[in-house]
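Examining the three-dimensional arrangement
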Amino acid sequence: MSDKVTRKDVLVYGGVTAGAVVAAGAGVAGIATAVERRKEAPVVTGAPIVARRHAGEIPLRDPGAAPWRDAERVLVPLVAQQLVPPYLDRTGVVELRARAAYNANQVALLVEWEDDEVDDLDGIRRYHDAVAVQLPARLGASPPAITMGAPGNPVHILQWRATWQRDLDSDGKTGVDQIYPEVVHDVMPDDVLPRQTAELYWVGRKAGNPLSQNFRTTPIEEVVAEGFGSVTHLRGQTASGHGVHEDGRWRVALSFPADRAGVGDPIAPGTSWPIAFAVWLGSQENRGGRKHYADWQTLIVEEE
Amino acid sequence: MAKVRNWQLGREMDYPYDADRPRRQFTMIMDTNKCIACQSCTIACKSTWTWGKGQEFMLWNNIETKPYGFYPMGWDVNILGLLGEQEWTDDVYTGQTVFEAAPPGERVLGWTPAEEDWSHPNIGEDEPTGNAEETTHIPGGRHSMMWMYYLQRICNHCTYPACVAACPRQAIYKRPEDGIVLVDQERCRGYQECLTACPYKKTMFNLETRVSEKCIGCYPKLEEGLQTQCTTACIGRLRLTNYLSAPEDADPSKPADFLVHVRKLALPLYPQLGLEPNVYYIPPVHVPTRYLTQMFGPGVDRAIDMYLGAKDDPELLGLLMLFGATERIMDTWDVRDGIARAYDEQGEEIVGVPLREPTFVREFEFATEVAGEPATGYRHNT
């Protein structure tokens, strides 16, 4: 694979490597133009997602600002995961829209999808909204299996979660008192025990499970995987981002260092990458493998 | 899919992982006939392990009344309904297990309780079947027309756990040394697949830490040679924490092997589901066996007859007397000279319990004096 990649080359690449069903649906031949109410850039189906060089910081909270304003929104079709149990048996969202950009240090994506309900608390049979972006760890000719990589062929995944966003926005108030606002507690361990002993009653938290912490600096988790069921939280978390729910859809920005030190090959200008996505609708009990996913699309990082 | 041997079903069955029995299996024997639903066991467990924030609704141990009690709601009737009518042919289960009946896209046939299903742990408590106006007489036969009984439930630390099968990331494991099933608190990612899969509904989601938890068999106590909190707290002395061997290695000098494999007095709970659960019940003698067979499998009638004959069976009676006699786990026991003794792994005696308590009957009449004059006194033996 040469360093200099033209758009034409990449379209062919995308056509060859995408999964059969999804490629047929995406149809390189068809470019759908949908003019939105708010006169945003038209959505393009089946095209690669192009990241252009941006001078300066890439805003994570302002989709109307540069570089997002001028970036092409690519329509990415989603399907229910039915490759490996547990399956998603009901499709709740059929597409997401993706934009990309990069600057001196970071690569960023802005993804949007439709979801009427905000699900940002986990509880008994309560699940959260989330989106994930997946890239191969290595720059290579063929992408790893869509099933989150394979042994020896790892993938790098960034997952934004509505619960983590709420953790961040509410300073950690995302537990029993928020799920059940009328709850009354009798005696809690930290009322009567020394702090270090009381903490033992939050076993997951004490064990260092990243899901169990509620004070965060980012709503995005960075993991690597080599196949379904092997997700491993990275010790050095470098991703940042922000998600907002507005007008019946989520809009999430995800940003990470382009050098991908310790994770994989750098996402460098002039390279092209398979890129995949997954979306979870908490209101439809999506979680884990019960997700909507997109087959490999193409991310082009334009020359500077 | 692997083929594994399930001795409770008398056959092989499908399971996602190869069979790998632990060196010895943590087990609990429950004598349902002694339970008064005082819930001391529940309080012991809750005040030890689950009084933290996020664990409010959790009862790793619970006592429910049968037939109308459930925690969570309908846990057993729902999975039985999903599975449909199935059959035993003599001692072999010829129906489907929850693994064999798993729908496409699932590893286990299961259902997910709603939030509110956990909110009524005392539903149906003390509610008997039958109509009071029609059935208040005690008939000549063994079974009353009105009945209810208490069922004691903890995690069964199954040999073929559904939770282990369902977890997409293998975040639940079974310890090779004692067969205790645990959720790896660092590895769990809160998918709650185990909640859907476990037919006994003994994995529970922590609302603060966002990962799932379950009965841990009080393993820190077991590792010290002590019985669990629920066993020790039981006022009725109906529980026994012990270790069970595989059926081909059964040793009659070991309490659990004796009750489960040799005498077959203690029976598994809903064995037809196919998990080979490792909590065993001495069935309630006053409940119709048709109901009990669905719950404990074939062998209920024989077990009840044996239990009713215990007073003439010193070996069995002695072992039953040792329930609740010590906090320590007993390795072996014997009955000699009217005393049942429990021994530890070194063969040292832990405790001895007489099969009959010594009694002394006082004479009703006795000679005494009142105001210097002889008189006869009378005693009542109360």
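Look a little higher up for the structure.
In this report, we go over the structure that sits alongside the text. The numbering scheme is per chain: residues are counted from 1 as the chain's sequence reads. Lettering for chains starts from A, numbering for ligands starts from 1, and both go in the order in which the items are written. Under the rules for a predicted model, residues below a pLDDT of 70 receive no local features and side-chain atom pairs below 80 are neither given nor counted, while totals for whole chains, interfaces and linings still include all residues. As a convention, hydrogens and water are excluded, and side-chain values are obtained from all of the structure's heavy atoms.

1. Digging into the pattern of salt bridges
When the charged atoms of two side chains with opposite charge come close together, those side chains can pair. Residues and elements named next belong to chain A. When a carboxyl oxygen of Asp or Glu is within 4 Å of a side-chain nitrogen of Lys or Arg, the pair counts as a salt bridge. In this structure the tally under the stated criterion is 42 salt bridges over all chains. The partner of Asp167 in a salt bridge is Arg216, and the shortest N-O contact between them spans 2.7 Å. Taken together, the residues Asp167 in helix 3 (residues 162-169) and Arg216 in the loop between helix 7 (203-206) and strand 9 (220-225) connect sequence positions 49 residues apart. Asp190 is the salt-bridge partner of Arg195, the closest N and O atoms lying 3.8 Å from each other. Classification of Asp190 as partly exposed rests on a relative accessible area of 35%. Salt bridges here are not isolated pairs; linked through shared partners, they connect Arg73, Arg99, Glu112, Glu246, Arg249 and Arg251. The secondary structure listing takes helices from DSSP runs of H or I that are at least 4 residues long and strands from runs of E that are at least 2 residues long, numbered from the N terminus. Each residue gets one of three labels from its accessible area relative to the maximum for its type: buried under 20%, exposed over 50%, partly exposed in between, using a 1.4 Å probe on protein chains only.

2. Considerations on the environment of B:Thr65
All names here are of chain B. In this fold, Thr65 is placed in strand 4 (residues 62-66). In this structure the C-alpha to C-alpha distance between Thr65 and Met148, which are 83 residues apart in sequence, comes to 6.6 Å. Ignoring sequence-local partners within four residues, the contact set of Thr65 consists of Gly124, Glu125, Asp126, Glu127, Met148, Tyr149 and Tyr150. Polar contacts, as counted here, are pairs of nitrogen or oxygen atoms within 3.5 Å of one another; within protein the pair requires one atom able to donate a hydrogen and one able to accept it, and residues that are adjacent in sequence qualify only if both atoms are side-chain atoms. From its side chain, Thr65 meets the backbone nitrogen of Asp126 in a polar contact 3.0 Å long. Any two residues whose heavy atoms approach within 4.5 Å are treated as being in contact.

3. Topic: the nonpolar core
As a rule of thumb, nonpolar side chains are buried together in soluble globular proteins. Nine residue types can take part in a nonpolar core, namely buried Ala, Val, Leu, Ile, Met, Phe, Trp, Tyr and Cys, and a core is a set of them joined through side-chain atoms within 4.5 Å. By size, the foremost hydrophobic cluster in this structure holds 114 residues, and its most contacted members are B:Ile29, B:Phe99, B:Tyr200, B:Leu259, B:Leu269 and B:Phe296. Sequence-distant contacts of B:Leu259, defined by excluding residues within four places in its chain, comprise B:Ile29, B:Lys264, B:Leu265, B:Ala266, B:Leu316, B:Leu319 and B:Phe323. A:Leu254, A:Ala258, A:Ile275 and A:Ala294 belong to the second largest nonpolar core, which has 36 residues in total.

4. Quick word on the packing of helix 9 (residues 289-296) of chain B against helix 10 (residues 300-308) of chain B
All names here are of chain B. Axis angles are defined between N-to-C directions and span 0 to 180 degrees, where every axis is a line fitted to C-alpha atoms and, for a helix, only to the segment in contact. Contact pair helix 9 / helix 10: the axes reach a minimum separation of 9 Å and the direction vectors enclose 110°. Viewed along their axes, helix 9 and helix 10 adopt a mutual orientation that is roughly perpendicular. Contacts between helix 9 and helix 10 involve Thr289, Leu292, Thr293 and Phe296 from the first element and Val300, Asp301 and Ile304 from the second. By the convention adopted, Pro, Cys, Tyr, Trp, Phe, Met, Ile, Leu, Val and Ala count as nonpolar, Lys, Arg, Asp and Glu as charged, and the other residues, Gly among them, as polar. Its residues assigned to classes, the contact of helix 9 with helix 10 shows four nonpolar, two polar and one charged. Each angle receives one of four descriptions, namely roughly parallel if under 35 degrees, roughly antiparallel if over 145, roughly perpendicular if within 65 to 115, and oblique otherwise.

5. Some details on the layout of surface pockets
One water molecule sets the probe size; rolling that probe over the atoms shows where empty space is left. The pocket and cavity definitions rest on a 1 Å grid over protein atoms only: a 1.4 Å probe that fits but cannot leave marks a cavity, an open set with protein on both sides within 12 Å along at least five of seven lines marks a pocket, and residues lining either have an atom within 4 Å of a point. Grid points are joined across faces, edges and corners, and a volume is the space filled by probe spheres set on the points. One number sums up the size of the largest pocket: a volume of about 610 Å³. Lining the largest pocket are 42 residues, and of these A:Met148, A:Trp280, A:Gly288, A:Lys291 and B:Tyr191 lie nearest its centre. Elements represented by at least two residues in the lining of the largest pocket include exactly strand 7 (130-136), strand 8 (155-161), strand 13 (272-280) and strand 14 (292-301) of chain A. Counting residues per element, the lining of the largest pocket draws most heavily on strand 13 of chain A, at four residues.

6. A few points about the interface of chain A and chain B
Counting residues at the interface gives 46 residues for chain A, matched by 39 residues for chain B. When two parts are put together, the accessible area they lose, computed with a 1.4 Å probe and summed over both, is reported as buried area. Buried area between chain A and chain B, both sides added, is near 3,700 Å², and the carbon and sulfur share of it is 51%. Summed over the three residues of chain A that lose the most area to chain B, namely A:Ile124, A:Tyr201 and A:Leu211, the buried surface amounts to 19% of that side. There are seven salt bridges connecting chain A and chain B. For B:Arg189, the salt bridge is made with A:Glu221, and the minimal N-O distance between the two is 2.6 Å. For the interface between chain A and chain B, the tally reads 25 residue pairs in polar contact (both at pLDDT 80 or more). When residues of the side of chain A that touches chain B are traced back to their parent elements, those giving at least two are strand 8, helix 3, helix 4 (176-179), helix 5 (189-192), helix 7 and strand 9 of chain A.

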